[in-house]
Amino acid sequence: MSDILIRDFTDADLNDAGRIALQLWGDEIPEMPQAVKPEIYRYLARYYFAPTSSFNLAAEKEGGLCGCLLAAFPDEARLDELPPLDDPAQKRYFEEYRRYLDGNRAAEEKEAGKREIILLFFTSIVRGAGKLLLAELEKRLKAQKIPSMLLWTDETCDFDYYFCNGFVEAGHFASPNGLCGRKFETWLFRKSLL
């Protein structure tokens, strides 16, 4: 793990973050149209990126992005505009995807406590990078006396990872908005730091 560098994530990393998300999660929803997958996962990284947050982290190995963690306070502005799309079917799908994300984000923000950070986007393709990213985030949060962090995940994700890293379940519900004709089981997880 010593060859993994943790640094601040910038908007220059967004395309690589989308590529990593596609690599990891591209098959999580079989009903998702293949043609939109690359753009969807690039959009996902942009949706969760809050440029003013000091809690956006990148993991780099051999000069390339191998993971990232995007976190922010609930009220920090994010780059969540939809990409320009000419195809009406793709545009409808993106709008549905956005509603799905917005519904879960609203539940997350409603649950968030005062001065609680929200872990928005967390991905890694190199063993150990996720643990290093999470450790750096915790170090920064503790330095600023931020008491806890919150995140949401759904049934398509490996949420057992969070139990193994000190998170506890803070909520469980069906996603407010469906995607591809499905409602997803959704969890909120919290980790106390102070």
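Every chain's residues receive numbers from 1 upward, in the order its sequence appears when written. Local features in this predicted model are restricted to residues of pLDDT 70 or higher, and side-chain atom pairs are both shown and tallied only at a pLDDT of 80 or more, whereas totals for entire chains, interfaces and linings draw on every residue. With hydrogens and water set aside, each side-chain value is computed from the structure's full complement of heavy atoms.

**Student:** Honestly, the side chain of Arg78 in this entry has me stumped. Any pointers?
**Tutor:** Where helices and strands are cited, they refer to DSSP runs of H or I of at least four residues and of E of at least two residues respectively, numbered from the N terminus. Assignment of secondary structure puts Arg78 in the loop between β3 (64-72) and α3 (88-111). Per-residue accessibility, obtained with a 1.4 Å probe over protein chains only, is compared with the maximum for each type, and a residue is labelled buried under 20%, exposed over 50%, and partly exposed between these values. A relative accessible area of 11% means that Arg78 is categorised as buried. When sequence neighbours within four positions are dropped, the list of residues in contact with Arg78 reads Tyr47, Tyr48, Phe49, Ala50, Phe73, Arg105, Glu109 and Leu120. Whether two residues are in contact is decided by their heavy atoms, any of which lying within 4.5 Å being enough.

**Student:** So what exactly am I meant to see when it comes to the pattern of salt bridges here?
**Tutor:** Side-chain pairs of opposite charge can arise where the charged atoms are in close proximity. Here, a salt bridge means any side-chain nitrogen of Lys or Arg that lies within 4 Å of a carboxyl oxygen of Asp or Glu. A full pass over the atoms with the stated rule returns 16 salt bridges. Across the salt bridge formed by Lys37 and Asp27, the nearest N and O atoms sit 3.7 Å from each other. In this pair, Lys37 is assigned in helix α2 (residues 37-48) and Asp27 in the loop between α1 (14-25) and α2, connecting sequence segments ten residues apart. One connected set of salt bridges, linked through shared partners, spans Asp8, Glu136, Lys139 and Arg140.

**Student:** What should I look at first to understand α3 in this one?
**Tutor:** Because an α-helix packs 3.6 residues into every turn, residues spaced three or four apart end up facing the same way. Over its 24 residues, α3 extends 35 Å from the first C-alpha to the last, a length consistent with the 34 Å expected when each residue adds 1.5 Å. When α3 is considered as a whole, its buried residues turn out to be Tyr93, Phe94, Tyr97, Tyr100, Leu101, Gly103, Asn104, Arg105 and Glu108. Of the surrounding secondary structure, the elements contacted by the buried residues of α3 are α2, β4 (117-124), β5 (148-154), β6 (168-174) and β7 (185-192). Polar contacts, as counted here, are pairs of nitrogen or oxygen atoms within 3.5 Å of one another; within protein the pair requires one atom able to donate a hydrogen and one able to accept it, and residues that are adjacent in sequence qualify only if both atoms are side-chain atoms. A side-chain oxygen of the first residue of α3 lies 2.8 Å from the backbone nitrogen of Ala89; this N-cap is Asp87. The span expected for a helix works out to 1.5 Å for each residue beyond the first.

**Student:** What exactly am I supposed to notice about the side chain of Asn56 here?
**Tutor:** Within the secondary structure, Asn56 is located in the loop between α2 and β2 (57-61). Reaching out from Asn56, the side chain makes a polar contact with the backbone oxygen of Ala50 at a distance of 2.8 Å. Ignoring any residue separated from it by four or fewer positions in sequence, one finds Asn56 in contact with Arg7, Asp8, Phe9, Phe49, Ala50, Leu69, Leu70 and Ala71.

**Student:** Help me out: how do you make sense of the sheet that holds β4 in this one?
**Tutor:** In a beta sheet, neighbouring strands are held together by backbone hydrogen bonds and run either parallel or antiparallel to one another. Between any two strands, at least two bridges found by DSSP are needed for them to pair. The seven strands lie next to each other as β1-β2-β3-β4-β5-β7-β6, forming an open sheet whose pairing is mixed. For this open sheet the edge positions go to β1 (4-8) and β6, each flanked by a neighbour on one side alone. Direction aside, the axes of adjacent strands within the sheet are offset by 25° on average. To define axes, lines are fitted to C-alpha atoms, for helices over the stretch in contact only, and angles between the resulting N-to-C directions are given on a 0 to 180 degree scale. Along the sheet, α1 contacts β3 and β4; its crossing angle with β4, the most-contacted strand, is approximately 70°. Strands β4, β5, β6 and β7 of the sheet are contacted by α3, whose axis makes an angle of about 150° with β5.

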